Amino acid sequence: RENIMTAKSEIFEGMAHGGKGFLCADIDGYERILASTNRSITTYGFNKDADVRIVDLAAGEQSTTFTLRYKGKSERYETKLLGRHNISNITPAILIARELGLNVGEVSDALLGIDPLLGKLSIHNGLNDSLIINDSYNSNVAGFLSAVATLKDMPQKEKIISTHGVLELGMEKEASYSEI
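In this text, all values refer to a predicted model and were calculated from it rather than measured experimentally.

## A short note on the sheet that holds strand β4 (residues 64-70)
At step 1: Strand order in this open sheet of five strands is β1-β2-β3-β4-β5, and the pairing throughout is mixed. Only two strands of the sheet have a single partner each, and these edge strands are β1 (20-24) and β5 (73-79). The sheet shows a mean angle of 25° between the axes of neighbouring strands, direction not considered.
At step 2: Here β1 runs beside strand β2 (residues 40-45); their pairing, made up of five bridges, is parallel. Paired with G21 across the strands is I41, a residue of β2.
At step 3: Together, β4 and β5 form the strand contacts of helix α4 (residues 104-112), whose direction differs from that of β5 by roughly 25°.

## Side note on the nonpolar core
At step 1: Core analysis: the biggest nonpolar cluster contains 18 residues, and F66, L68, Y77, I90, I94, L95 and L111 have the highest contact counts within it.
At step 2: Counting only elements with at least two residues in this core, the list comes to β1, β3 (52-59), β4, α3 (84-99) and α4.
At step 3: By residue number, the principal contributor to this core is α3, which donates five residues.
At step 4: For L95, the contacting residues outside a window of four places in its chain are F22, Y44, V52, L68 and Y70.

## A closer look at the packing of α3 against α4
At step 1: Between α3 and α4, whose axes approach to 10 Å, the crossing angle comes to 145°. With respect to the hand of their crossing, α3 and α4 are arranged in right-handed fashion. Counted together, I90, I94, A97 and R98 of α3 and V104, V107 and L111 of α4 form the full contact between these two elements.
At step 2: Broken down by class, the residue content of the contact of α3 with α4 amounts to six nonpolar, no polar and one charged.

## Some points on a nonpolar patch on the surface
At step 1: Nonpolar side chains collect at one region of the surface, where I96, L100 and L102 lie side by side and expose about 280 Å² of accessible area between them.
At step 2: Summarising the element assignment, L100 is placed in the loop between α3 and α4.
At step 3: Residue class for L100 comes out exposed when judged on its relative accessible area of 67%.

## A short note on the packing of aromatic side chains
At step 1: Considering all chains together, one arrives at one aromatic pair under this definition.
At step 2: One cation-aromatic arrangement involves R84 over F46; the distance from NZ or CZ to the ring centre is 3.7 Å.

## Quick word on the side chain of T43
At step 1: Within the secondary structure layout, T43 lies in strand β2.
At step 2: Exposure remark for T43: the relative accessible area of 3% places this residue in the buried category.
At step 3: Once residues lying within four places of it in the same chain are set aside, the contact partners of T43 are L23, A25, Y30, L34, D49, A50, D51 and V52.

Parameters and conventions
- Residues numbered from 1 in each chain as written.
- Predicted model: local features only at pLDDT ≥ 70, side-chain atom pairs only at ≥ 80, totals over all residues.
- Heavy atoms only, no water.
- Pairing = 2+ DSSP bridges.
- Helix = DSSP H or I, 4+ residues; strand = E, 2+ residues; numbered from the N terminus.
- Axes fitted to C-alpha atoms, helices over the stretch in contact; angles between N-to-C directions.
- Contact = heavy atoms within 4.5 Å.
- Core = buried A, V, L, I, M, F, W, Y, C linked by side-chain atoms within 4.5 Å.
- Buried < 20%, exposed > 50% of the residue type's maximum accessible area, 1.4 Å probe, protein only.
- Left-handed = near helix turned anticlockwise from the far one by under 90°.
- Nonpolar A, V, L, I, M, F, W, Y, C, P; charged D, E, K, R; others polar.
- Patch = residues over 30% accessible without salt bridge, like charges linked within 9 Å, V, L, I, M, F, W, Y side chains within 5 Å.
- Areas by Shrake-Rupley, 256 points an atom, 1.4 Å probe, with all protein chains shown as cover.
- Salt bridge = Lys/Arg side-chain N within 4 Å of Asp/Glu carboxyl O.
- Phe/Tyr/Trp six-rings, centres within 6.5 Å; stacked < 30°, edge-to-face > 60°.
- Lys NZ or Arg CZ within 6 Å of the ring centre and 35° of its normal.

Shown next as structure tokens:
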């Protein structure tokens, strides 16, 4: 973790003066990364202290809607991607697009054109009007927990989880499965 934070700080230091960086305020140690640079960094995320806050996230059967609050305005977006982590991942792309002059409508259209990858919270129609969310590609505990949280946010009353487990946990297997 220490090396990752150092590397992230180095990325910002490598930016040209006048460049602009974006940093997720939801990661551990983001404050230290900010403090280590004098570059122009905009923070984003669900964190209440972020410059750009992700709020009002709502998971539907086929999409996720959310609002970005920054610079005194609120912008509402929708994507076919599910999960808080995916919203966090696409937020800097939205911010860069807005910085480059795209309007909210253009960004919204682009977001709706992004389809989930098969096996990464991809949505499928099942028998008897059932909805299947395939997250079989998961390879770590954080991803598995994010998928469970996404399912929890879905509007259906009855939910079933089927998994082959998280592979390659080694010595962490027992603690990881307890957490799950």
